[in-house]
Every structure is written in structure tokens, then in C-alpha cells.
Amino acid sequence: MNNFLITIIFIVALVSGVYFYAGYLTRTGKAEDADGNFIPDSWEENFGWFFSSKGLIMFALGLILGYVLGVQFPDIF
Ligand SMILES: [Ca+2]
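Chains are numbered independently. Their residues run from 1 in the order of the written sequence. Given that the model is predicted, a residue must reach a pLDDT of at least 70 before its local features are reported, and side-chain atom pairs must reach 80 or more before they are shown or counted; all residues, however, enter totals for whole chains, interfaces and linings.

Student: Pulling in residues and values, what's your account of the overall build of the protein?
Tutor: Counting secondary structure elements, the protein contains three helices and zero strands. Numbering of helices and strands starts at the N terminus; helices are DSSP runs of H or I of at least 4 residues and strands are runs of E of at least 2. The secondary structure elements of the protein, listed N-terminal to C-terminal, are α-α-α. Values of the radius of gyration come from C-alpha atoms, whereas the globule rule sets the reference at 2.2 Å times the count of residues to the power 0.38. Whereas a compact globule of 77 residues would reach a radius of gyration of roughly 11 Å, the protein reaches 16 Å, over 25% beyond that. Seen through its principal axes, the protein has C-alpha atoms that stretch 50 × 20 × 20 Å. Between the buried cut of 20 or more and the exposed cut of 12 or fewer other C-beta atoms within 10 Å of a residue's own C-beta lies the partly exposed class, and all C-beta atoms are placed from the backbone. Of all 77 residues assigned to the protein, the portion counted as buried reaches 4%. Counting contacts in the protein only where the partners sit at least 6 residues apart, residues at least 24 apart contribute 38% of the total. By the criterion used throughout, residues are in contact when their C-beta atoms, derived from the backbone, lie within 7 Å.

Pasting the structure below:
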């Protein structure tokens, strides 16, 4: 079960890193962003859903992380 917690934290870090990296690339002009939504246009063609459902994805990951933490460490809350 502890491996699952580590996996979730890893996924959260990875997903956050991708969002952060997209912002970094577009803000620094390293990737083309004609529509100015801080998502590289080349990514939007294939991974637009990943960014349009950002709120939902982060919410779901937060729920899972909170749940797993609560199960793993019932005394910390
Ligand atoms: Ca864009």
C-alpha cells in the first residue's frame, strides 16, 4: 500500500511538472503559443484534453492523495 502512495505522489509531481514545463516553454518563448493560453501549440493537437481538464485532473489526484494519506496515516488528521 505504501508503494501506491509513492506512485500517487510521483504522478502528482509528474503532472504538475508537465503543466509547469508547458508554462515555462511558452513564457520564455521556447515553444510557439499563438493563441496565448500558455500551452505549446504543438502539444495542444494531441494533448489538449490534458490541459482542458487540468482542474478535474488535479482535483481527482488531490482526492486520491488525501484518501490514501488518510488510510495510511489515520492519526495525522
Ligand atoms: Ca497555445
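Text resumes after the structure shown.
Student: Requested: an account of unusual backbone geometry, with residues and values cited.
Tutor: In this structure, Phe-38 takes a positive phi of about 60 degrees despite not being glycine. Checked against the element boundaries, Phe-38 lands in the loop between helix 1 (2-27) and helix 2 (41-52). Since 15 C-beta atoms lie within 10 Å of it, Phe-38 is described here as partly exposed.

These values are about where atoms sit, not about what they do.
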